[in-house]
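Take a look at the letters that make up each chain.
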Amino acid sequence: MTDGGWSAPETDVIANVGEAIDGGGAVLATVVAVEGSAYRRPGAKMVIGDGDGVGAVTAGCLEDEIVALAEQVLARGQPQVERFDLTDGGDVWGLGVGCNGVIDVLLEPLTGSYRPVVEAYERGEDTVVLTVIDGDGTPVECGDRTVMFPAESRTDGLYLQDLDWPDELLAALEGPTNRLLAADASDTVSLRCEGGDVDVFVDSVTAPPELVVFGSGRDIAPVARSAAQVGFRVTVVTFRGAAATEARFPAADRVVSTSPADLRNVVSFDADTYAVLMTHNFVDDRIALTELLETATEYIGLLGPRKRFEELRTALTEDGYRLTDEELDRVYTPVGLDLGGDTPFHVAQSIVAEVTAAHHERSPKHLTERAGPIHARSPVSAESDETKSRWD
């Protein structure tokens, strides 16, 4: 497969799923379980069609093998789960890899059963996809699927589509499904069902976070490009109408123009929306900051030195607006992580890295200093009463 297809962000992968459903003749490969270490977590996807793929399920060592397997799956018209044991340092799968993990990948012909997921993703809504991995001896079989939608919010439970699955199975899935969605995690769970055991992959497909960048300078485009590459939906808001063109910011999903005082009328903000002020205009930043503090966003990045922000605070105080400690906790200035570079793409990398860390609720540090696994483990992986997780 091409390097560009392998490195595609999740937004592009889901878009390709929708196109593949419409076009037919494609396979979806999904990591459904991992034991030990692996490059990607359960839920990682790859769309295979016409002998090539979009998306990544490993660091690149298995993608070509999966493309070949996808051709067999498509020819048979039946889903299958393939296990790749990469713990052996020798010649594994003829590839000579040894990544210290065992990876289970579900390969399935893409059908309309996945369309509700794509449509919800495009609307900015979360879904949970329940797919049977193994149901030997039970009323369900590999490939059976339903899609669940949060009922108003993640804490209000889930709405389940109508389907002919045993009531006891659906009841047993309710707890782990809610916990996985709340943690934005995916996992395969094993449950006792009528006739035997059944493995169900619970896949949280959460809507992409949005980054709203304010400004019209040349430094906006690298930030928009970097953010899009890591899966953010990007909106560029200019306060200069002539600069609000898609050609100027090709990586942005949307480009709009407004005034600082009216920004809340053109952009909606929630807890998964992140804002970065890069206007290079003191007055615009002062007005925009007070508007953003009235929204639900928990991250407001402000470009510029610390001295400039102190001058801005003083100006706000003189206008009768004194920032509270809670408001100051939401303002990140100077915006970005201390990575040391100063080129436009170094600055963009610094900003997007900090926003990414904020989105994943991480305090940035060297991975060598991190105790335990790199990726957070599933919230059901330690449970043994109602479900046995296969993700170690």
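Here we look at the sheet that holds strand β4 (residues 80-85)
Adjacent strands of a sheet form backbone hydrogen bonds with each other and so pair up, either parallel or antiparallel.
Then, number 1: In space, the five strands of this open sheet follow the order β3-β2-β1-β5-β4, with antiparallel pairing throughout. Only two strands of the sheet have a single partner each, and these edge strands are β3 (52-55) and β4. On average, each strand axis in the sheet is tilted by 25 degrees relative to the strand beside it, whichever way the strands run.
Then, number 2: Inspection of the sheet shows strand β1 (residues 26-36) paired to strand β5 (residues 101-109) by nine bridges, in the antiparallel sense. From the neighbouring strand, Ala33 faces β5, where its bridge partner is Asp104.
Then, number 3: Here helix α2 (residues 10-23) sits on the sheet and contacts β1, β2 (45-49) and β3; the angle it forms with β2, its principal contact strand, is near 35 degrees.
Then, number 4: Across the sheet, helix α3 (residues 63-76) lies against β1, β2, β3, β4 and β5, angled at about 35 degrees from β5, the strand it touches most.

Describing the side chain of Thr138
Then, number 1: Along the polypeptide, Thr138 turns up in the loop between β6 (127-134) and β7 (145-150).
Then, number 2: Filtering out sequence-adjacent residues up to four positions away, Thr138 remains in contact with Cys193, Glu194, Gly195, Gly196, Asp197 and Val198.

With respect to the packing of α2 against helix α4 (residues 115-123)
The geometry of a pair of packed helices is captured by two quantities: the angle between their axes and the separation between those axes.
Then, number 1: One can describe the packing of α2 onto α4 by two numbers: an axis separation of 10 Å at closest approach and a directional angle of 135 degrees. Comparing the axis directions of α2 and α4 gives the class oblique. As for how α2 packs across α4, the hand of that crossing is left-handed. Contacts from Glu10, Thr11, Ile14, Val17, Gly18, Ile21 and Asp22 of α2 reach α4 at Arg115, Val118 and Tyr121.
Then, number 2: Within the contact of α2 with α4, the residues separate by chemical class into five nonpolar, two polar and three charged.

Some remarks on the sheet that holds strand β14 (residues 273-277)
Then, number 1: Spatially, six strands are ordered β13-β12-β11-β14-β15-β16 in an open sheet, and the strand pairing comes out parallel. The strands lining the two open edges of the sheet, one partner per strand, are β13 (254-257) and β16 (331-332).
Then, number 2: Here strand β12 (residues 233-238) pairs with β13 via four bridges, running parallel. The residue of β13 that forms the bridge with Thr235 is Arg254.
Then, number 3: In the packing of helix α8 (residues 282-292) onto the sheet, the strands contacted are β11 (210-214), β14, β15 (300-302) and β16, and the crossing angle to β14 comes to about 165 degrees.

Side note on the confidence of the model for the protein chain
Then, number 1: Averaged over all residues, the pLDDT of the protein chain equals 86, while 88% of them reach at least 70.
Then, number 2: Here residues 384-392 scores under 50 on pLDDT; set against residues more than four positions off or in separate chains, the count is 41 contacts.

Some words on the pattern of salt bridges
Then, number 1: Evaluation of the coordinates by the stated rule reveals eleven salt bridges.
Then, number 2: Between Asp284 and Arg240 there is a salt bridge, with the nearest N and O atoms lying 3.0 Å from each other. With Asp284 in helix α8 and Arg240 in the loop between β12 and β13, the pair connects residues that are 44 residues apart, well separated along the chain.
Then, number 3: Arg240 gets classed as partly exposed once you look at its relative accessible area, which sits at 40%.
Then, number 4: Here Asp319 ties to Arg286 by a salt bridge, and the two come within 3.6 Å at their closest N and O atoms. Pair noted here: Asp319 is in the loop between α9 (306-318) and α10 (325-330) and Arg286 is in helix α8, with a separation of 33 residues, a long-range link.

About the cut-offs
Residues numbered from 1 in each chain as written. Predicted model: local features only at pLDDT ≥ 70, side-chain atom pairs only at ≥ 80, totals over all residues. Heavy atoms only, no water. Pairing = 2+ DSSP bridges. Helix = DSSP H or I, 4+ residues; strand = E, 2+ residues; numbered from the N terminus. Axes fitted to C-alpha atoms, helices over the stretch in contact; angles between N-to-C directions. Contact = heavy atoms within 4.5 Å. Parallel < 35°, antiparallel > 145°, perpendicular 65-115°, else oblique. Left-handed = near helix turned anticlockwise from the far one by under 90°. Nonpolar A, V, L, I, M, F, W, Y, C, P; charged D, E, K, R; others polar. pLDDT = per-residue confidence, 0-100. Salt bridge = Lys/Arg side-chain N within 4 Å of Asp/Glu carboxyl O. Buried < 20%, exposed > 50% of the residue type's maximum accessible area, 1.4 Å probe, protein only.

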